[in-house]
Amino acid sequence: MLRLNNISKYFTGVKALQNVTLHFEKGIIHALCGENGAGKSTLMNIIMGIHQPDEGIILWNEQPVEIRNVQTAHQMGISIVYQERSLVDSLSIAENIYPVQTPVVKVGLIDFQLLFRQAQQLLNELGLTNLSPMTLVKKLSTAQKQMIEIAKAIAKTPSLLILDEPTASLTHSETEILFRILKNLKEKGVGIIYISHRMSELQKISDIISVLKDGKFVATIDSKTPAQEIVRLMVGRDLESVKKSTNVQMEIKLEVENIQGKGFRNISFKLLKGEILGFAGLQGSGRSAMARSLFGDEKITGGKILKDGKVLHLNHPSEAIDHGIVYLPEDRKAEGLFLHLSISENIFSAQLKKGFYNAAIADDVTLKLCKLFSIRTTTVRQHLRKLSGGNQQKVMLAKWLAQEPEIIIVNEPTHGIDISSKEEIYQLLKYMTAEGKSILLISSELPELLFLSDRIAVMHEKEIIGILSREEATEERIAALASGINAH
Amino acid sequence: MQLKERLQDRVFSLAASILILCIIMTFIFPTQFPTVENFSQLLLNLSIDTIVAVGMMILLISGMFDLSVGSIVAFSGGLAGYLMYYHDVNFIIAILAGLSGSLLIGFVNGWLIAIAGINPMIQTLAMMGIVRGLALMLSGAGIQNFPYNFIYIGQSKLFGLQAPVWYMIFIVLLFSFLVNRTVFFRRYYFIGGNERAAKLSGIQVEKMKIAAFVLSASLAGIAGILLSSRLGAALATSGRGLELRVITAVILGGASLSGGFGKIFGALLGALFMALINNLLIIGRVSGYWQEIILGLVLIVAVGLDQWLIRKMEK
């Protein structure tokens, strides 16, 4: 249906895409994978008409076409769900789904009855029967917003649908729903391009997988190909896995007794020195809310937090940092990074000591940290905006490690990050525990939790429903606990 | 640094434009433009605006702005004048009263914005009206006949330059140093860039915001005292329209309304550039009406050029 022949694209001397030839067919779910910077986004931008290829031809239904802008792409029947949100919070679900093709009555006014009916029908088709089209988008959870984003793309009845990391904010069960929707569309003959970093998903949903590396096409392979092999194609080498080891010392660092607050209750656990305590659970199960309270961002309304046996009263993150507790938030761009500032300024953003700022010393320290964390950049004055997701995440880690913390709370540390950066972050986390630091790891990726954690606490409906030791923990058990099935 | 990057640095490009403008004007008006009197007058005219612009720059770096500064200029001069004229208060106490009044207004602005969560535009717009009313009550049709000591502050000269120019130079140098080199002031860049991330980095965002409004109002207070001392009169109408002029200068100087960018020297250069254009029009005997039109066009061209360069860089 869509054929890209020998597409090349250059950005000020950098070859973003080189001679890429890819064919996308009707009724086939075609997965696209590659590390960050492999050229996936550029390719999608070319298909959507945001960028024009410097070389090569695009064929749509055997006809050569020129996609000049997004409107042209939409008219041709190509629709995309971006990683970033495009919804307007203050409008209803229905208005968000039909921003352009809004039904109107004769004089040009919006026909709300028809609009809501259309939207309801679409929501039903997608199995989102519990949502009313009149609900305002701001009242939805992140995952629900993602589903509306997908609904919006489908509402254009595309013949080619592109999804860029659609499951990044979805839980296990919501992912299942999405997959059902995609299979449905596929049977109707819609072509689907599916971009994701999650290997297990790619293999589950897609028919064929194409791999890009450094702007070049590597191979198109059957989705049954073993994951190891796909990763090797993407990275160009075998990944050395971190050994499953433990650095736990028998010394209680943090003890939480029965704390409660907005979004969580009855939380008790102990964190040992050098331990990685994993937190599993669905979106909204209270993990992030609890983490924010441990960092002093929100107040606790009951219970006690003890560090090294002393009770802490935290009113502001600065006090938590003072006590050696740091927090890497889940949403890097919104909560963690200063994209308009340089690497070294970002790293020194958490410097609490007042006094004079010396840019030369800051740059020096940053340079050392960049080496230690293998942050790939030409200069420490580079703006964060220009780094890849993986490098940005490493800058955040470096920023907090420069504070010499004792307890590190990390929330979804590898969200939307390419595989080799992921591996490096795992190594860094392990390295920190070897240094005697303790880690609270919140993650929605079960393999990651199982791989890193010494113990895993599972949260359900604002409470800890069970804490599993490394021996007890399996994907099935965690998934069962997280959905409220207490399997004793 | 490459030329392209240099061009994106507003302090550099503005300084270059000012230099070019000066050279051109020297050739066109060799007898009127490059004279000590002209420059001394030009600097005097921009000194009040620049002192206020320094505070405004810090607010814009942190992603906020203050529309009440123009009214505060009239209020602080008015309060000091009122106390000296009607109550024979010592000039030092009168000045301190004017400054503390301004500081208090800044605190109220900051508290209502940072703690109560009122939008800065709405809060300072309201305060602009309230404070202008207070200034009218204090100075009515205008107060004159100030003690010599008070007049001396704004009318004395040193090395051929009037006192307000020296105050301006001192304030610009001081704050330029503080903003570049102290951890405290550098935090405004973090707050302006990403407020949420700033809080999660341990920065006391609310307190910092209040401090920024207090600082901006205090600088406006100083400007008000200097202005009434220089004019030898406290007028209820002084500083009218100053807030928008100052915001224009600061934006020209490289600040962004969304926060996170800007340098103190940019505020000075922005004000200087505007004063130069003004000077050019006066010497060239162009009608005063053109002044506003040309400044509006200059602002659009400067910001538009920036956007164009950014887009060009990304391609």
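These numbers come from a predicted model, not from an experiment.

J.: If you had to explain the overall build of chain B to someone new, which residues and values would you point to?
T.: Of the regular secondary structure elements, chain B holds 14 helices and 2 strands. Rg of the C-alpha trace for chain B: 20 Å, near the compact-globule value of 20 Å for 315 residues, within the 12% margin. In terms of its C-alpha atoms, chain B occupies a principal-axis envelope of roughly 65 × 60 × 35 Å. Residues counted as buried form 54% of the 315 residues belonging to chain B. Within chain B, counting contacts between residues at least 6 apart in sequence, those at least 24 apart form 79% of the total. A total accessible area of about 14400 Å² is found for chain B, and carbon and sulfur atoms account for 68% of it. Side chains of chain B carry 20 positive and 12 negative charges; the gap between the two charge centres is 5 Å.

J.: Explain the interface of chain B and chain A to me, using residue names and the numbers behind them.
T.: Listed as interface residues are 25 residues of chain B and, on the opposing side, 33 residues of chain A. Together, the buried faces of chain B and chain A total about 2400 Å²; carbon and sulfur atoms form 56% of this surface. The interface formed by chain B and chain A includes 4 salt bridges. Glu-335 of chain A is the salt-bridge partner of Arg-196 of chain B, the closest N and O atoms lying 3.0 Å from each other. Elements with a contribution of two residues or more to the side of chain B that touches chain A: helix H8 (163-181), helix H9 (183-193) and helix H10 (195-200) of chain B. With 7 residues, the single largest contributor to the side of chain B that touches chain A is H9 of chain B. Classifying every residue of the side of chain B that touches chain A gives 10 nonpolar, 8 polar and 7 charged.

J.: Go over the packing of aromatic side chains with me, naming the residues and quoting the values.
T.: All names here are of chain B. Counting across every chain of the model gives 17 aromatic pairs over all chains. With a centroid separation of 6.1 Å and an interplanar angle of 50 degrees, the aromatic rings of Phe-185 and Tyr-188 are classed as tilted. Residue Phe-185 and its partner Tyr-188 are both found in helix H9; the two are separated by 3 residues, about one turn of the helix. Each member of the pair Phe-185 and Tyr-188 is classed as buried. Among the aromatic residues, ring-to-ring pairing joins Phe-175, Phe-184, Phe-185 and Tyr-188 into one connected group.

J.: Now, about the pairing of strand E4 (residues 55-60) of chain A: what can you tell me, with residues and values included?
T.: Residues and elements named next belong to chain A. Of the strand pairs in this sheet, strand E1 (residues 2-11) and E4 are connected by 5 bridges, and their pairing is antiparallel. The residue bridging Asn-5 from the neighbouring strand is Ile-57, located in E4. For E4 and strand E5 (residues 63-65), the ladder comprises 3 bridges, and the chain directions are antiparallel. Of the residues in E5, the one forming a bridge with Ile-58 is Val-65.

J.: Could you give an account of the sheet that holds strand E15 (residues 310-311) of chain A, with specific residues and numbers?
T.: All names here are of chain A. The strand order across the open sheet formed by 4 strands is E12-E11-E14-E15, and the pairing between neighbours is antiparallel. The open sheet has two edge strands with one neighbour each: strand E12 (264-273) and E15. Of the pairings in the sheet, the one linking strand E14 (residues 302-307) to E15 comprises 2 bridges and is antiparallel in character. Looking across to E15, one finds that Lys-307 is bridged to Lys-310. Strands in contact with helix H9 (residues 287-294) are strand E11 (249-261), E12 and E14; relative to E12, the strand with the most contacts, it is inclined by about 65 degrees.

Cut-off values and rules
Residues numbered from 1 in each chain as written. Chains lettered and ligands numbered in written order. Predicted model: local features only at pLDDT ≥ 70, side-chain atom pairs only at ≥ 80, totals over all residues. Heavy atoms only, no water. Helix = DSSP H or I, 4+ residues; strand = E, 2+ residues; numbered from the N terminus. Rg over C-alpha atoms; globule rule 2.2 N^0.38 Å. Buried < 20%, exposed > 50% of the residue type's maximum accessible area, 1.4 Å probe, protein only. Contact = heavy atoms within 4.5 Å. Areas by Shrake-Rupley, 256 points an atom, 1.4 Å probe, with all protein chains shown as cover. Lys, Arg positive; Asp, Glu negative; His and termini not counted. Charge placed at Lys NZ, Arg CZ, Asp CG, Glu CD. Buried area = accessible area lost by both parts, 1.4 Å probe. Salt bridge = Lys/Arg side-chain N within 4 Å of Asp/Glu carboxyl O. Nonpolar A, V, L, I, M, F, W, Y, C, P; charged D, E, K, R; others polar. Phe/Tyr/Trp six-rings, centres within 6.5 Å; stacked < 30°, edge-to-face > 60°. Pairing = 2+ DSSP bridges. Axes fitted to C-alpha atoms, helices over the stretch in contact; angles between N-to-C directions.

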